[in-house]
Amino acid sequence: MRKMLLRGIVLPFLLLGLMIAADARAESNIKVTLLGTGAPIPLPNRFGPSTLVEVGGQKLLFDAGRGAPIRLRQINVPVGKVNALFITHYHSDHTTGIPDVWITGWVVGGPARRTTPFRVIGPVGAKELMANLEKADALDIKIRIEDEKLPPEGIATAVEEFENDGVVYQQDGVRVIAFTVDHGPAIKPAVGYRIEYNGRSVVISGDTRYDQNVIKYGTGTDLLIHEVCVARPELLGNVVVQRIMAHHTDPQEAGRVFSQAKPKLAVYSHFVLLATDSTPPITDNDIVVETRKTYDGPLEVGEDLMSFEIGNTITVHRYKP
Ligand SMILES: [Zn+2]
Ligand SMILES: [Zn+2]
């Protein structure tokens, strides 16, 4: 009888506990926003490569291409609130927004202003990049400290470099792992990132050719964001086109990556769509058609400000101003 009573009390609590746990799992654990899905060519609809990952109360930025602060503003994320910037490699399309994120996060924003050092994590080269930016902008920094009384610590930098694959960031249950990718023999270092939190993960390929390491780190991930490069068949004889394509992944190759890694959702970002004055770039639909030759799973063609809420399921949102 006592046992029955006890069970009568314990069981509802147990069920309640399970329901709360299930509910927590159903919530979004990671939110990813594609701030810029472009490449070096200046385009109004595809800004320079940059991806915001909001996770565990932190705002992590992966690359800062052209226009990153404008895209942050469009989603009401103060640029000064970025907790850390991760760099995949040192091609300018991935870095031209860095001085803007760094300085604007300090200059603009009132209470949203950054008052602690700008944290940058990247493969070898990050220290040199940031030290030279500090030199380039030394006069502006001096003027603003004297004139506007901005806090000097907010424009300081805290840069961490790494040489090997592995965990490069750990904070309140969030883990970021860097892994080497193959962007061609002359373009080193080049890495991708895997972000983990609460049993969920997101993988960003960085710029790469078809690479087993993306499959290794991307296997079973929730969201696999992959670059893509493509030209119409009539351009494939062009040596410049051939050289660019040798640094990147075409849709059929990306489809092979997706088929092996089996992410919950595959997403294209960083569109290198090669064209000439007489030959237009291929369309988004053509990219999907090509990908479908090697992959039949869930796929999104990324757009600037497209976002993904990752919980038990992945919800995709298109930007509406
Ligand atoms: Zn690039
Ligand atoms: Zn690149």
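The shown structure was predicted, so the numbers you read here are calculated from the model rather than taken from an experiment.

**Things to note about the overall build of the protein chain**
Then comes step 1: Scanning the protein chain for helices and strands turns up nine helices and 15 strands.
Then comes step 2: Relative to its length of 321 residues, the protein chain is compact, with a C-alpha radius of gyration of 22 Å against a globular reference of 20 Å.
Then comes step 3: C-alpha extents for the protein chain along the principal axes are approximately 85 × 60 × 40 Å.
Then comes step 4: The 321 residues of the protein chain split such that 48% are buried.

**Points about the layout of surface pockets**
Then comes step 1: If you add up the space inside the largest pocket, you get close to 480 Å³.
Then comes step 2: Taken together, 22 residues form the lining of the largest pocket, with Ala39, Pro40, Ile41, Phe271 and Val272 sitting closest to its centre.
Then comes step 3: Residue contributions to the lining of the largest pocket peak at four residues, all from strand E12 (residues 265-273).
Then comes step 4: A breakdown of the residues in the lining of the largest pocket according to their chemical character gives 11 nonpolar, eight polar and three charged.
Then comes step 5: Estimated volume of the second largest pocket: approximately 220 Å³.
Then comes step 6: If you go around the second largest pocket, you meet 13 residues; those closest to its centre are Val230, Ala231, Pro233, Ile282 and Glu290.
Then comes step 7: Sorting the residues of the lining of the second largest pocket by element identifies helix H8 (251-261) and helix H9 (284-291) as the ones contributing at least two each.
Then comes step 8: Ranked by residue count, the leading element in the lining of the second largest pocket is H9, at three residues.

**Details of helix H3 (residues 98-107)**
Then comes step 1: Of all 10 residues in H3, seven are buried, a share of seventy percent or more.
Then comes step 2: Those residues of H3 that fall on the buried side of the exposure criterion are Ile98, Val101, Trp102, Ile103, Gly105, Trp106 and Val107.
Then comes step 3: After H3 finishes, the residue Gly109 shows a positive phi value of roughly 125°.

**Observations regarding the coordination of the zinc ion (ligand 1)**
Then comes step 1: Taken together, the protein donors to the zinc ion (ligand 1) comprise Asp93 (OD), His94 (NE2), Asp207 (OD) and His270 (NE2), at separations of 2.1 to 2.4 Å.
Then comes step 2: Classification of the site at the zinc ion (ligand 1) rests on its four donor atoms, whose angles at the metal span 90 to 169°, yielding the label irregular.
Then comes step 3: Ordering the donors of the zinc ion (ligand 1) by residue number gives the pattern D-H-x112-D-x62-H.
Then comes step 4: Between the zinc ion (ligand 1) and the zinc ion (ligand 2), both coordinated by Asp207, there is a metal-metal distance of 3.3 Å. Of this pair, Asp93 sits in the loop between strand E4 (84-86) and H3 while His270 sits in strand E12; the two residues are 177 residues apart in sequence, bridging distant segments of the chain.
Then comes step 5: Judged by its relative accessible area of 6%, Asp93 is buried.

**Observations concerning the coordination of the zinc ion (ligand 2)**
Then comes step 1: Bound to the zinc ion (ligand 2) on the protein side are His89 (NE2), His91 (ND1), His183 (NE2) and Asp207 (OD), at distances that span 2.1 to 2.3 Å.
Then comes step 2: Taken together, the four donor atoms coordinating the zinc ion (ligand 2) and their angles of 92 to 161° define a geometry best described as irregular.
Then comes step 3: In terms of primary sequence, the donors binding the zinc ion (ligand 2) are separated according to H-x1-H-x91-H-x23-D.
Then comes step 4: On the basis of relative accessibility, which here comes to 31%, the residue His91 falls in the partly exposed class.
Then comes step 5: The exposure class assigned to His183 is buried, which follows from its relative accessible area of 1%.

**Structural notes on the side chain of Ser205**
Then comes step 1: Tracing the backbone shows Ser205 in the loop between strand E10 (200-204) and helix H6 (212-218).
Then comes step 2: Among the polar contacts made by the side chain of Ser205, one reaches the main-chain amide nitrogen of Glu227 at a distance of 3.2 Å.
Then comes step 3: Ser205 has contacts with Val181, Val191, Gly192, Val214, Ile225, His226 and Glu227, leaving out every residue within four places of it along the chain.

**Considering the packing of H3 against helix H5 (residues 138-147)**
Then comes step 1: It is the contact of H3 with H5, at a shortest axis distance of 12 Å, that shows an interaxial angle of 10°. Classified by the angle between their axes, H3 and H5 sit roughly parallel to one another. Contacts between H3 and H5 involve Trp102, Ile103, Trp106 and Val107 from the first element and Asp140, Ile141, Arg144 and Ile145 from the second.
Then comes step 2: For the contact of H3 with H5, the per-class residue count stands at six nonpolar, no polar and two charged.

**Considerations on the sheet that holds E12**
Then comes step 1: One open sheet accounts for seven strands, arranged E7-E8-E9-E10-E11-E12-E13; its pairing is mixed. Taken across any chain shown, the strands that pair with only one partner, and hence form the sheet edges, are strand E7 (166-171) and strand E13 (299-301). Across the sheet, the mean angle from the axis of one strand to that of its neighbour is 20°, orientation sign disregarded.

What counts as what
Residues numbered from 1 in each chain as written. Chains lettered and ligands numbered in written order. Predicted model: local features only at pLDDT ≥ 70, side-chain atom pairs only at ≥ 80, totals over all residues. Heavy atoms only, no water. Helix = DSSP H or I, 4+ residues; strand = E, 2+ residues; numbered from the N terminus. Rg over C-alpha atoms; globule rule 2.2 N^0.38 Å. Buried < 20%, exposed > 50% of the residue type's maximum accessible area, 1.4 Å probe, protein only. 1 Å grid on protein atoms, 1.4 Å probe; cavity = no way out; pocket = protein on both sides within 12 Å on 5 of 7 lines; lining within 4 Å. Points joined across faces, edges and corners; volume = space filled by probe spheres on them. Nonpolar A, V, L, I, M, F, W, Y, C, P; charged D, E, K, R; others polar. Donors = N, O, S within 2.8 Å, 3.2 Å for Na, K, Ca; no water. Tetrahedral: all angles 85-135°; square planar, octahedral: opposite > 155°, others 65-115°. Polar contact = N/O pair within 3.5 Å; in protein donor to acceptor, adjacent residues only side chain to side chain. Contact = heavy atoms within 4.5 Å. Axes fitted to C-alpha atoms, helices over the stretch in contact; angles between N-to-C directions. Parallel < 35°, antiparallel > 145°, perpendicular 65-115°, else oblique. Pairing = 2+ DSSP bridges.

So, to be careful, I would describe these as geometric facts and stop short of saying anything about function.
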